[in-house]
Every structure is written in structure tokens, then in C-alpha cells.
Amino acid sequence: MLRFDDLQLFVRAADLGSLSAAARVMDLSPAVASAALKRIEQQLGTRLLARSTRSLRLTAEGDGFLEYARAALSSLDEGRRLLASGQDHVSGVLQLSAPSDFGRNQLLPWLDEFQHEHPQLSVRLLLGDRIADLFRQPVDIALRYGEPEDSSLVALPVALENVRVLCASPSYLARFGEPRQLEQLAQHNCLLYMLGSRVHDHWTFHDGKRDVSLTVSGDRFSDDADVVRRWAVAGVGIAYKSWLDVSTDVLAGRLRLILPELRGERTPLNLLCAHRAQLSKPINLLREMLVSRCAMLTAQLPEPLSAT
């Protein structure tokens, strides 16, 4: 296969009428330039330049080949310009996986805005709470809560300050009363999330000094986190949810925080990918937007009230 730099040397030497002059322009030693010319002639099986100690001229074969060499170099330069231009534009297909609740209720409108800003970008969104296999499934990145269990994945923080909160609808609290102590959750219908065969019924909080936890129960389980949120908004129980998932409902008054003097578990949101090489410009721009939007939401999380 002909080397790109050998072709460049041949064209420069033909244009300048001197192999040494071409070597100087390309910052090569005369010996390296001579070896390059010899290499391309051997690969083509013909002599391209007739040279003596004082002159250099194209052979008939070299004159005929020069046109094709110029065209090849021009085509390669055009390809490089096209790639450079493509790096300045956001286009192509962005394939991502996201948690069901966050994906439907926060990410969807943000993606709409992102595509409006970058109309040449296509999005393939997979929603689900199971960990996506980034080495097998057709996704570039995944958004997931918590620290990744697979240490081989690249994890970039999106919302490190996110936490779980205890919440219920005003209608539920009007009917069944508002818990004033953590132990009173045993008297309430707690809406439970399950992933695989594991039911997340062990809820942990921090009271400012130590972690406190308890096991809760209820009459509803779902492996879809968005369903748990919908049940809470509908007034059928108390939920223990990521702030990012319920912030819009809380700020709109559809849900109310319970036991605000307690802070739930840290639930950082991370962007995961299999290799750093996958962090293309669209992905980096999307992450910047997500970090900004999530920061605005976490800033609206009320500070824990002092226990009375």
C-alpha cells in the first residue's frame, strides 16, 4: 500500500524540480527523502523521477502518475476536512439508556430541547431500570443511579448531590395523617420498588448525626419506578424516591415531603459508558446539559429542618 507521506514527497519533488528542496519543505533529511522515493517506485514497479546530481525530471511514467497522485492527495485532504467539519457539528445517532421514571418525566423534555438545538441528531432512547449491558446492547451510554457495580465501566458524574426523599400526596396525608416519627411508617402503606427479585423495603435516612433505617411494608410493588411515583401522586401510599424523580411533583404541590428533618440515602446520577472513546461531542454536550439541569433541581431541594 502506498504511503500518504511518500505520495506527498513525490508531488512536492515534481513541483519543485528537486528532491532535496522537497525534503527541506517537508522537514526530512535527504536520506529519508531518497528512501521514500525509492520505496514508492519499488511499490509501483517503475521509475517516476530521472535524477542526477544536478537535475531532476519526471519520467514518462512519472508524468502520467502525477495526475493520479495529486487527485489522491486532494481526496484525502477533502476527507480530513469533512471529518474536521463533522466534529464541529452535532449529528448522527445518540443511543442511550435511562431509568424509567427519570427518563419519562425529566429526560424526555430535555432531549426534545437538545434535538431542537441540534436538528441533525437522531436519538434512540431505551427506558428501563435494569442495568444495560453496555458491551452487548445497542446503546452508547446509560444514565443510572448509584455507584456502578462494574468497575470496568467509565462513570462520569451528572448529579452527585441527589438523594432519596420520603413523600406522599396531600390527599393521602389528609386521610391517613402525616408521620411525625420514622417508626410511624409502620402504620402506613409504603409503596415498594423491586428490581429483579429484590424488593427495596429497607429505607435508610440520616438524622444529622447517624444513619437510621427500618423495614417497611405495603400492598403495592412494581419493578417500574415511574409506577411507584404515579401511585404516590394518586394518593395510595408513601414513596421513598430519588429527588430528581419527584422534584417536579413536589414543587407543583402534587407531592409533599415527609419528615423533612431527615435526609435519605445519597443517590448520585452517573453517565456510564464502556470506553472513553465513546464520549463523542454529542454525548459530552448532552452531559453538560444534564449536569446543568440536575444542578438546578437539586438546588431546589429544601434543606433538612431541625428536628423538634
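Thresholds applied
- Residues numbered from 1 in each chain as written.
- Predicted model: local features only at pLDDT ≥ 70, side-chain atom pairs only at ≥ 80, totals over all residues.
- Heavy atoms only, no water.
- Helix = DSSP H or I, 4+ residues; strand = E, 2+ residues; numbered from the N terminus.
- Buried < 20%, exposed > 50% of the residue type's maximum accessible area, 1.4 Å probe, protein only.
- Polar contact = N/O pair within 3.5 Å; in protein donor to acceptor, adjacent residues only side chain to side chain.
- Disulfide = S-S within 2.5 Å.
- pLDDT = per-residue confidence, 0-100.
- Pairing = 2+ DSSP bridges.

**Considerations on unusual backbone geometry**
One non-glycine residue, D27, lies in the positive phi region at around 60°. Along the chain, D27 turns up in the loop between α2 (19-25) and α3 (30-44). Take D27: its relative accessible area is 70%, and that puts it in the exposed class. The backbone of L259 shows a phi angle near 50°, a positive value even though the residue is not glycine. Relative to the helices and strands, L259 resides in the loop between β14 (256-257) and β15 (263-264). Classification of L259 as buried rests on a relative accessible area of 4%.

**Some points on helix α8 (residues 243-252)**
Burial analysis of α8 places seven of its 10 residues in the buried class, which makes it a mostly covered element. What α8 keeps buried is the set W243, L244, D245, V246, S247, D249 and V250. Regarding α8, its N-cap is S242, as a side-chain oxygen of that residue lies 3.2 Å from the backbone nitrogen of L244 further along. Just beyond α8, the residue with positive phi is G253, at close to 90°.

**Some points on the state of the cysteines**
One pass over the structure, following the stated rule, counts zero disulfides. With no disulfide of its own, C167 lies 11 Å from the sulfur of C190, the closest cysteine sulfur. Residue classification places C167 among the buried residues on the basis of a relative accessible area of 0%.

**Some remarks on the confidence of the model for the protein**
Within the protein, residue pLDDT values average 87, and 92% of them lie at 70 or more. Confidence scores differ between elements of the protein, with helix α4 (residues 60-87) showing the lowest mean pLDDT of 77 and helix α6 (residues 170-176) the highest of 97.

**Details of the sheet that holds strand β9 (residues 198-200)**
Strand order in the open sheet formed by three strands is β9-β8-β12, and the pairing between neighbours is mixed. Single-partner strands in this sheet number two, and they are β9 and β12 (221-222). As paired strands, strand β8 (residues 192-195) and β9 are joined by three bridges and run antiparallel to one another. Looking across to β9, one finds that M194 is bridged to V199.

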